[in-house]
Amino acid sequence: MTDSAHMVLMVATVLFGLGLIGVLTRKNVVFMLISVEIMLNAAGLAFVAAGSKWQQPDGQVMFLFILAMAAAEVSVGLALVLQIYHQHKTMDVEDLKELRD
Amino acid sequence: MSTLFYISSIVAVASTVMVITRYHPVHALLYLAVSFLSVGMIFLSLGAPFVAALEIIVYAGAIIVLFIFVVMMLNLGRETAQQEKEWLQPKVWVVPSILVLILLVEMIILLFSDNKDIMRISVVDPRKVALSLYGEYIIAVELTGFLLMAGIVGAAHIGKHKRSSLHRFLQNGENGNGKAHTGVPPEQVSNEQTVLHD
Amino acid sequence: MNQLLAYIPAFPLIGFLILSLFGRKLPKPVIATIGAGTVCIAAIITIVLGVSFLQTPPAGGAFHQLLWSWFKVGKLSIDISLQVDALTLVFIFIITFVGALIHIYSTFFMWHDGDYARFFASMNLFVCAMLLLVMADNLVLLYLGWEGVGLCSYLLIGFWYEVPSNCRAANKAFLITRIGDTALLIGLFLLFRELGTLNIQGILQQAPAHFTTGSANIVLITILLMIGGMGKSAQMPLQTWLPDAMAGPSPVSALIHAATMVTAGVYLIARMHGLFQLSPVTMTIVAIIGACTLLVAGCSALAQTDIKRILAYSTISQIGYMFLALGVGAWSAAIFHFFTHAFFKALLFLAAGVVIEALHHEHNIFMMGGLRKRMPIVFVTFLAGAAALSALPLVSAGFFSKDAILWYSWSAANGNVFLWLMALAGAFITALYSTRLMLVVFWGEPKTPVHEAPAQGMIIPLIVLAFFSVTAGFIEWPHNMMHLTLFSDHVQKVLPETIMKAYLPSEWFFQAIAALVTGAGIYLGYTMYYGKAGVRWQQSPGLASTREFLFSGWKFDQLYNFIFVKPFLFLTRINKSDVIDRMYNGIAQGSLRLSNWFSVSQNGSLRLYIVGVLAGILFIITLQLLL
Amino acid sequence: MVLAMAAVVVILLIAFRASHTVIQVTGFVMMCGVVLAMWFVRDTLPREIPPLLVVDGMAALFTGLIIFSVLVVGLLSYIYFEEREENPKEYYILLFLATLGSAILTISRHFVSFFIGLELLSVSLYALIAYLRNRNNAVEAGVKYLVLAALSSAFLLFGMALIYMETGSMEFTAIAKALDAGGASVLFIMGLGLIVVAIGFKLALVPFHLWAADVYQGAPAPVTAFIATVSKIGVFAVLVRFALAIHLQQNTLAVTIFTVIAIACMIVGNVLALMQQNVKRLLAYSSIAHFGYLLVAFLSGNAGVGAGVFYLLAYSITLLAAFGIITLLSTRRRDADELSGYRGLFWRSPLMAAIFTVALFSLAGIPLTAGFPAKFFILTAGVQQHMWLLAVVLVLTSVMGLFYYLRIISTLFAAPPITPLKERTLHPFFYFATTASLVVLMVLLGYLGVYPSFIVENVREFLLIH
Amino acid sequence: MILVLMIGILLLGGIACWLVAQRSAMAARYVALIAVIMAFVIPLGWFIQNKPAITGANKWLVQYQANWIPAFGISFHLAMDGLSFLLIQLTFLLGVLAVLCSWNEIRERSGFYFFNLLWTLAGIAGVFVAMDLFLFYFFWEVMLVPMYFLIAIWGDFNRRYAAYKFFIFTQTGGLLMLLAILALYFIHGQQTGNYTFDYFALLNTTLGGATGRWIMLGFLIAFVIKLPMVPLHNWLPDAHSEAPTAGSLILAGLLLKTGAYGILRFVLPLFPQASAAIAWWAMLLGVVGIVYGALLAFAQTDLKRLIAYTSVSHMGFVLLGAFAFNEIALQGVVMQLLTHGVSTGALFVMAGMLKERLHTRDINQMGGLWTAMPQMGGLALVFVMASLGLPLLGNFIAEFLILMGSFPVNPVLTVIASVGLVLAALYSLRIAQKVFMGQLQVVSERPADLSAREWIIMACLTAAIICLGLYPQPVFDLVKGAFFVTGYQLPVAGVSN
């Protein structure tokens, strides 16, 4: 058995799926953010794999950008988490239901 | 190579499973660190040492630290774990999990329905990456600077509150901000931010 | 002379316009002058015209006047143009002459009414419309007059509109005649489709060439026209409106519901005789309807207690005679009967009006009685009218006309013994109820005090009409007597001569039988109703149900109520709020419900939203997997 | 060109320390400068900045549209934030960063710039939505948007990675070339599907629309206006560019997916709005439906681009006018989003009601307003491509849409309750200026409704520049 | 040019009303009145000047064309022929009366009211003269919005519901028509390479079976909703009964006519084959409308609703006649448009006057009003009779011609339609009986008879209906010269025996 791009891709997909499960099952906002990080990471993995496949640096470059974006996102996200905790004294997203039909 | 890849893949998947099933946030974050580390190993096995390093530094370092920071600050501990246990009833997670598994299975079927080609392992060294980054993607890098700035400014504004601990963090953010307009090239801003998280 | 035609309807029209626009501001004498005056002028013009017609008959047998082209679309070209031939002349004479008398009578009769101007406006309009009806040279203009008289009839029946039952009667009259009118209209469409013209002369000229005798189209056309005539002339089964129409003032009953409008059907059939001759089937139907009507209405008249209703049923019955005559092809006899009937029936109604007025609006004949002494002139004139009605031999106009019909119902080519027998039975009944009416009203004990003597102005028309009721018949004598045929000679310039059967028995024989039957009727009436006997008959329990049946006009009203009115009302009631609306409301409700369902998804739960995203990607990937 | 844009924003940052008014004026001038620059460099178009960006006619159009919208949003923001006495400095930074992101989307022709533009836009938006952090709703809306946007970004990235893996390139035209060589593989289509998720999320297409109402409601009114116009224009622009590059409209599967989505958008959006009592939510639902309509133009390929641009123009003007009214009517405590608050507005302040009415009629696509030619052009595009199903659904759902627009309008004209007018804390000049600009928008709506020819010609001219 | 002037005056007049009303409501009324009268006089004056030229076979009386959106082949093309001229004159006549009958009825916000009124009129006038399909659709919608406001703001108790219903129904049809217009546009463009919305160019399109039928249906549905045809009539009773008097007058008198006009102007000439193919069904629905409308009219107790359903019934005749495809019936249809406008409009005006006096529309609460208001009673009777089709009044001519024309085409349906005349008598007499006859109900004050202003309104209408009844020939000549002589290919009747 050889390393194929598909193998890496499969790992990435599995990780991605696990992240998705995490986002879906957790009610805690922090865990949700964590799970999203997993998904972003999986996407980065896929990019790097693709870059290796084509022997281009682009995949890695893209990974860098993902990294930066994840950092920015997490910082805003965590700030929001703080704010929520401050206002609602809970981390449960299910408590955030003031906006609804 | 191949062995390294498989081992680290298995570790990555396993630790990720642990991440999403832990009740205690700190435990979960630790598993997350393991997961990121093993992904870093996969990068190595794919011949991308530069991003492997970055993965460990930024993801496992900065981002997880940031999370832990917040967890600590909010004093999420045992009660949270208890709470999580209550929230994670089977009826909460079974249905979404099944749905995602279906998705996963479908995607994997689709992936394997395609022809498989052999991947040649080739090292893409940091030099090449750097050349590309500061060559054709220079505009993107600048824009990334803006992106980070947006993140910081946003976090700063939203997090701005009476809490002193928060204040410090934000103070930093605003400093970085301030530097940005004093003429520092954008790409440096981005570097600074990464450093900041370290 | 041609130029005079337009003035005949124009004067009443002017009267109508003045009265309807300014009537409320004018003093009563002026109104009376305008109302009656215009009709009188029309009558004078008619007489001038008539004299000129008789002296120097116009070329083609008719005066013509084209007023203006009404409309001209495609092949259809309709003018407003008038035409007077011999047949029309008879009608306009009756309309204007009897009309003028009735108008004069009305000026006094209606004096105390608040809506004096409205009354005369309507009456003038009626005269105008009726004149247009008979003078029209095409069927559309005829239809205009036809509907116009319907309108006036409606207005005048409902003249005292404060009383709801009057309004109902007016509506009923309008609606039932409207049914006939619609049939007539359809007939016009069919005629136009077949012949491409609606000009009366054109139709009569083209018809024989275009239709073969008895073909489906012609039968259909004539039946439709006949239904139109039946509606207006209150023939079975559309007769039920006429008794109710007596809700109007008595002069109205006299003019519209006795002398003129109700005979429009007769006029129509006579006018379109060329078509009817092509359709023997229809002729037979007309005859049968006439015969049945005259019997049914006559029987009903026997049981009535309201003086005007008795007269109304008798009108139906007499028009039945005219239809019978038309049906057997005795054209001139029908018109002749119309001619005499107009006089005596108008007379009877006017006299009844006087009686009713004098007795504080008492209509029930059994509350009258003994009026012979107290109102002698009225009594005499009424007697003349009743005699004519019951066709007292030789001394009444009614005899001459009705005798001719009886004779033709046997002897004409279309006639037969059954028709004759029915007509004979009708004659008997007519005599019977006439006698009953006379005896109960004018003989016996007075039951209601007489309130005041009738005005002179009302008496004069009575006398004039009574004179004509006696003498109008003398211009036409049976063949076997003096063979004076002034009237039929005149009319036969337009109408064909009656075709007779071969090998007829002697006419004398028939006249004798007729006279005998009339006598028997009178005698029977005398025995039944003279003195106190009348009350006994009226109260005898054994006949109660029969009397009830006849009283209600053979339950036709109830029948129609059951068959048409109730289902119609039911239908409209259940569908008042329009079922189709439900459909659209349903669609609206459905959308709103859908909206509610969808908005469940907007429950604010972030996790549900994520599931939404998941569902989306699942959909896309699954689709890809499937395709 | 792009550098000019970036420079503008950087210069703006210098103004941070300045007062609100100064920022406002500077921002305004800068934006005008960009528009002028665009006008002048029109002849030099198209200009490529390989490998990431290309500035062609279409990009110029969309960018112009974005800048126009931002100008109005900025104008609205002034009063809004002054009244609330919030510190608006960061707000403008974020606003302009988001604008930059959106502008980059319009000119990007590479996954990297696509991704970065999108993220720049979203990250700024997270903060903008939650800007009034003291209002619980704002934070809630921010979190919802953040989690979903991050999720959708992950999908986007994964999809891009798949496509990259398949084609070996991240540049649109190169991808197209690779496709022409090898045909659309399974992996590619899957990647495409994942990208559709992200785009669908941003454009609030069904079934990725669920956030829209909550976020519209929770965000401050000017920000809502921004989300509804600027962010969607940018994403739509990149979608069009990408689709045109890879000839998406010839791929049966993609067409099927988009058709289903379009129909679902039209139906769900309109149905949800039927009973909605909250004006901001209602506009959210209506925008879902409107993007369903827009997809009809999108699906008709090249021919539809002009129609789409015109539609977006009309739609933006309309929505900006509507949100302008909402902004003006909002009180310090809360946004004017309850429909009952609009009762009898016409009799209290006819001008505002008139503007709002015109805006709503325009949304409903009634003639004399810009919405009518817009809808007309879309239908034209649809009919031309024989997309009868979509056209008919469009027509029928428009009718449904009428109902709720009319509902608002009839509320505006209903008998007024006795309510005091909102107190105006600022100098009347600002209100006057804002109202005046809204009147200008209304006039524009009318002008476009009656005489769209000028714009149509210009749009065509621009689109010919490749 | 006069056409542009005519519409422009109304539009400007509307705005002027709005502005003037800020100072004085009375001034707004006069401005509105003057504007409509000017619009009325302009084409009339022009017509009188150019009469000799018109009575010839000159088809198009006046044309005006300007580019609008050249990119799509859309131009601002107005033209008027005899049919348009008649309908425009009807529009402005009723417009003047509508202004007059709003004189006292509308007390609040009269500026905006007259603005809407005039804009509606402008839209209607535009519909009658637009010769570019896009422009036609444009005007079609323009008349809708102000009308919506008229109902929704100044209507009765249930006004919002009625206004919604009105708007949504008509808009549905309108959008379908838009689709059809587009389809036609592209088919024509593909055939000739000339992409245009111009009516005269599109007349030359050849359309195959199914396509033609679908496109025709798109047009037809829009028009029959407006007409309205059963079962698409449900907006009408609500809208008519809730609208203010002038609104009802315009709705019944004019808006319904646009539907019929559309059928005559667009459906029949553009799609002769497709029209012939569905002629039988259209006629059937027309007849259903006649009977159904009459039945419902009879059942109503709300006076305005009753009159509204009579409109449904009367418009059934239009549908019947329009699809009989012969000159007699079509002339009848045109006549019906005019006379129905006048007679039903008059009845609505009357209902409005009664409402003003009695504050109710329920006929069970009326009765005996003839005693109190003899003049109105008399005039009401004229229009009641008109509505049941009494000869002498215009409606008879119209219905007579329609039935006459459609009889050879389809005798059975025509006979059933004729039965509608009996039903018409039923509901019409019911109005007269319930409202004017019977005992005067005890009310607080005796209602006053017509005022001078009301007299003018009613006298105009009465004169019009009688003139049309007695001397309709000019109408036929005008329509004939313009309509049937050249270029108007009648569909071949699909059904005949």
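Residues numbered from 1 in each chain as written. Chains lettered and ligands numbered in written order. Predicted model: local features only at pLDDT ≥ 70, side-chain atom pairs only at ≥ 80, totals over all residues. Heavy atoms only, no water.

An unreviewed UniProt entry lists chain E under the name NADH dehydrogenase, from Niastella vici. According to the UniProt record, the Sequence similarities (unreviewed entry) comment for chain E reads "Belongs to the complex I subunit 4 family." (UniProt positions renumbered as here; feature names shortened; annotations may be inferred.)

1. Things to note about the overall build of chain E
On a plain count of helices and strands, chain E comes out with 21 helices and two strands. Its C-alpha atoms give chain E a radius of gyration of 21 Å, within 12% of the compact-globule value 23 Å for 497 residues. A total of 497 residues make up chain E; the buried ones form 72% of that total. Long-range pairs, those at least 24 residues apart, make up 81% of the contacts in chain E with a sequence separation of at least 6. Summing over all exposed atoms, chain E offers an accessible surface of approximately 13,700 Å²; the carbon and sulfur share of this is 65%. Treating the 23 positive side-chain charges of chain E as one cloud and the 18 negative ones as another, the clouds have centres 2 Å apart. (Helix = DSSP H or I, 4+ residues; strand = E, 2+ residues; numbered from the N terminus. Rg over C-alpha atoms; globule rule 2.2 N^0.38 Å. Buried < 20%, exposed > 50% of the residue type's maximum accessible area, 1.4 Å probe, protein only. Contact = heavy atoms within 4.5 Å. Areas by Shrake-Rupley, 256 points an atom, 1.4 Å probe, with all protein chains shown as cover. Lys, Arg positive; Asp, Glu negative; His and termini not counted. Charge placed at Lys NZ, Arg CZ, Asp CG, Glu CD.)

2. Focus: the interface of chain B and chain A
Across the contact, 85 residues belong to chain B and 69 residues belong to chain A. Carbon and sulfur atoms make up 77% of the surface buried where chain B meets chain A, a total of about 7,000 Å² over both sides. The interface formed by chain B and chain A holds six residue pairs in polar contact (both at pLDDT 80 or more) in total. (Buried area = accessible area lost by both parts, 1.4 Å probe. Polar contact = N/O pair within 3.5 Å; in protein donor to acceptor, adjacent residues only side chain to side chain.)

3. Some words on the nonpolar core
Ranked by size, the top nonpolar core spans 792 residues in total, and within it L198 and I335 of chain C together with F219, I263, F323, F400 and M458 of chain E carry the most contacts. Apart from the residues within four sequence positions on either side, F323 of chain E is in contact with L220, I263, V267, L268, S275, I278, A279, A282 and M283 of chain E. (Core = buried A, V, L, I, M, F, W, Y, C linked by side-chain atoms within 4.5 Å.)

4. A closer look at helix α4 (residues 82-101) of chain E
The terminal C-alpha atoms of α4 of chain E lie 28 Å apart, and with 20 residues this matches the ideal 28 Å at 1.5 Å per residue to within 8%. Most of α4 of chain E sits out of view: 19 of its 20 residues are buried. (Expected span 1.5 Å × (residues − 1).)

5. A few points about the interface of chain E and chain D
Interfaces are frequently sized by the accessible area removed from exposure as the parts join. Chain E puts 34 residues into the contact, and the matching count from chain D is 39 residues. Taken together, the two surfaces of chain E and chain D that pack against each other cover about 3,400 Å², and 83% of this comes from carbon and sulfur. Across the chain E-chain D interface, the total number found is zero salt bridges. At the junction of chain E and chain D, the tally comes to five residue pairs in polar contact (both at pLDDT 80 or more). Where the side of chain E that touches chain D is concerned, the elements lending two or more residues are β1 (62-69), α5 (110-129), α6 (133-142), α7 (144-154) and α8 (159-192) of chain E. For the side of chain E that touches chain D, the per-class residue count stands at 28 nonpolar, three polar and three charged. (Salt bridge = Lys/Arg side-chain N within 4 Å of Asp/Glu carboxyl O. Nonpolar A, V, L, I, M, F, W, Y, C, P; charged D, E, K, R; others polar.)

6. Details of the UniProt feature "domain: NADH:quinone oxidoreductase/Mrp antiporter transmembrane" (unreviewed entry) in chain E
Mapped onto this numbering, the UniProt entry annotates "domain: NADH:quinone oxidoreductase/Mrp antiporter transmembrane" (unreviewed entry) at residues 130-421 of chain E. A helix fraction of 80% and a strand fraction of 0% characterise residues 130-421 of chain E, whose end C-alpha atoms lie 35 Å from each other.

7. Description of unusual backbone geometry
Residues M236 of chain C and P237 of chain C are joined by a peptide bond in cis, for which omega reads 0°. Note that P237 of chain C resides in the loop between α8 (216-232) and α9 (241-244). The residue after L227 of chain E, namely P228 of chain E, is reached through a cis peptide bond having omega -10°. Structurally, P228 of chain E can be placed in the loop between α10 (209-226) and α11 (235-242). Although it is not a glycine, K89 of chain A sits at a positive phi angle of roughly 55°. Secondary-structure assignment places K89 of chain A in the segment after α3 (58-88).

8. As for the packing of helix α5 (residues 139-157) of chain C against helix α10 (residues 250-259) of chain C
Residues and elements named next belong to chain C. Close contact between α5 and α10 brings their axes to 11 Å; oriented N to C, the two are set at 155°. Judged by the angle between their axes, α5 and α10 are roughly antiparallel. Crossing of α5 over α10 shows left-handed handedness. Only V252, I256 and H257 of α10 make contact with α5, whose side of the interface consists of S153, L156 and I157. Split by residue class, the contact of α5 with α10 holds four nonpolar, two polar and no charged. (Axes fitted to C-alpha atoms, helices over the stretch in contact; angles between N-to-C directions. Parallel < 35°, antiparallel > 145°, perpendicular 65-115°, else oblique. Left-handed = near helix turned anticlockwise from the far one by under 90°.)

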